[in-house]
Amino acid sequence: MRIGELARRTGVSERALRYYEEQGLLTPQRRPSGYRVYGDADVAAVRRIRILLGAGLNTAQILEILPCIVDEDGWLTPDCPELVDALRQQRDRIDDAIGELETTRANLDTIIGSEKAAASRGTRPPS
């Protein structure tokens, strides 16, 4: 199938598919005319790529771990022991980022609360 058909079947733009190829995530065959030719395995690969991107991994990380991911009845499963450790590290980074965002939100809530209190008193906090 050509790139337009793969885009239609996966719901991913042709531009994104070219980017995946650029990053080494997809390796389509090439016709003598230069057109890309994809197979059914590429549909499954794009599905795995999208799931991994949605899990917060970047394309460099996906390139590294994609060979260790198997699709078992629609569930992505790590097939290499070291992959589980890498995924745990990624989850820990996400947890850290969430903690930082929660702190930032709390700071904003404090500022907003301070503004509301000042408005109810008819004064504004010093700037």
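Residues numbered from 1 in each chain as written. Predicted model: local features only at pLDDT ≥ 70, side-chain atom pairs only at ≥ 80, totals over all residues. Heavy atoms only, no water.

A. Highlighting the overall build of the protein. Secondary structure assignment for the protein yields five helices and four strands. Ordered by position from the N terminus, the helices and strands of the protein form the series α-α-β-β-α-α-β-β-α. Computed over its C-alpha atoms, the radius of gyration of the protein comes to 23 Å, more than 25% above the 14 Å expected for a compact globule of 127 residues. Considered along the principal axes of its C-alpha atoms, the protein spans approximately 75 × 35 × 25 Å. Scored against the burial criterion, the 127 residues of the protein give a buried share of 24%. Within the protein, residue pairs in contact and separated by at least 24 positions form 43% of the contacts whose partners lie at least 6 positions apart. Summed over all atoms, the accessible surface of the protein reaches about 8,900 Å², with 52% contributed by carbon and sulfur. Charge centroids of the protein, computed over 18 positive and 20 negative side chains, lie 9 Å from each other. (Helix = DSSP H or I, 4+ residues; strand = E, 2+ residues; numbered from the N terminus. Rg over C-alpha atoms; globule rule 2.2 N^0.38 Å. Buried < 20%, exposed > 50% of the residue type's maximum accessible area, 1.4 Å probe, protein only. Contact = heavy atoms within 4.5 Å. Areas by Shrake-Rupley, 256 points an atom, 1.4 Å probe, with all protein chains shown as cover. Lys, Arg positive; Asp, Glu negative; His and termini not counted. Charge placed at Lys NZ, Arg CZ, Asp CG, Glu CD.)

B. View of the packing of helix H1 (residues 3-10) against helix H3 (residues 40-54). Contact geometry for H1 and H3: axes closest at 10 Å, N-to-C directions at 50°. Here H1 lies oblique to H3, going by the angle between them. Note on packing geometry: the crossing formed by H1 with H3 is right-handed. Contacts between H1 and H3 involve Leu6, Arg9 and Thr10 from the former and Asp40, Asp42, Val43 and Val46 from the latter. Its residues placed into classes, the contact of H1 with H3 shows three nonpolar, one polar and three charged. (Axes fitted to C-alpha atoms, helices over the stretch in contact; angles between N-to-C directions. Parallel < 35°, antiparallel > 145°, perpendicular 65-115°, else oblique. Left-handed = near helix turned anticlockwise from the far one by under 90°. Nonpolar A, V, L, I, M, F, W, Y, C, P; charged D, E, K, R; others polar.)

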